[in-house]
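# Working through the structure, step by step
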Amino acid sequence: MNVQNFGSAPSYTEQVSYDRFELGQILSVYGRFVAAGEWRDYGISALRDRAVFCIFRRAAENPLYRVEKIPALRQRQQLYALIGAEGQVLKRGSTLRSVLAPLERKLIRTLD
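What the rule picks out here adds up to seven salt bridges. Salt-bridge contacts for Glu104 lead to Arg32; the nearest nitrogen and oxygen are separated by 3.0 Å. Of this pair, Glu104 sits in helix α2 (residues 96-111) while Arg32 sits in helix α1 (residues 20-35); the two residues are 72 residues apart in sequence, bridging distant segments of the chain. For Glu104, a relative accessible area of 27% puts it in the partly exposed group. A salt bridge links Glu61 to Arg58; its shortest N-O distance comes to 3.1 Å. A relative accessible area of 34% places Glu61 in the partly exposed class. Through salt bridges with shared partners, one network takes in Asp49, Arg50, Arg66 and Glu68.

Attention now moves to the sheet that holds strand β4 (residues 80-83). Sheet architecture is open: five strands sit in the order β1-β2-β3-β4-β5, paired in antiparallel fashion. Each edge of the open sheet carries a strand with a single partner, namely β1 (41-46) and β5 (89-93). Pairs of neighbouring strands in the sheet enclose a mean axial angle of 15 degrees, with direction left out of account. In this sheet, strand β3 (residues 65-69) lies alongside strand β2 (residues 51-56) in antiparallel orientation, the contact comprising five bridges. Following the sheet pairing, Cys54 is matched in β3 by Arg66. On top of the sheet, α1 reaches β1, β2, β3 and β4; it is set at about 10 degrees to β2, its chief contact.

Moving on, we come to the side chain of Glu22. By secondary structure assignment, the location of Glu22 is in helix α1. Look at Glu22 and you get buried, because its relative accessible area is 5%. A polar side-chain atom of Glu22 sits 2.3 Å from a polar atom in the side chain of Tyr80. Ignoring anything within four residues of it in the chain, the contact list for Glu22 reads Ser17, Lys69, Tyr80 and Leu96.

Each value, and the rule that gives it
- Residues numbered from 1 in each chain as written.
- Predicted model: local features only at pLDDT ≥ 70, side-chain atom pairs only at ≥ 80, totals over all residues.
- Heavy atoms only, no water.
- Salt bridge = Lys/Arg side-chain N within 4 Å of Asp/Glu carboxyl O.
- Helix = DSSP H or I, 4+ residues; strand = E, 2+ residues; numbered from the N terminus.
- Buried < 20%, exposed > 50% of the residue type's maximum accessible area, 1.4 Å probe, protein only.
- Pairing = 2+ DSSP bridges.
- Axes fitted to C-alpha atoms, helices over the stretch in contact; angles between N-to-C directions.
- Contact = heavy atoms within 4.5 Å.
- Polar contact = N/O pair within 3.5 Å; in protein donor to acceptor, adjacent residues only side chain to side chain.

Any functional reading would require information beyond the geometric quantities listed.
So this is what it looks like as C-alpha cells:
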C-alpha cells in the first residue's frame, strides 16, 4: 500500500479589516466631501497588520489622507490613525469618531 503525504492544509493568514459600522462612519464623512466636490476616489486595503482607507482628490494622485486601523498599537498609541499626504500623523485615537473629527471641522470650513 502506497501512502502519499500532500502536506498540511494551506494556512490562511489573518487580515485586519474594517467592520460595517467603521466603514459606515468613514463613508459618511467621505460622502459629504464628495458632495462638496473636494474628493473623488478612495481605496481600501486589508493587510495582515493593518486596514487602510485612502482618500484621493483624483484617482491618479497620491492619497490626501489615510485612515488606518492598527490593532497592534491598541494599547500603546491607540487603534486608529489619520495620516496626511506627507505621511505625518494628524490624529490618533481609540475611537474612529475622534480620529475623523479634524476632517469634520475641515468640511465645515469648506462649506462656509
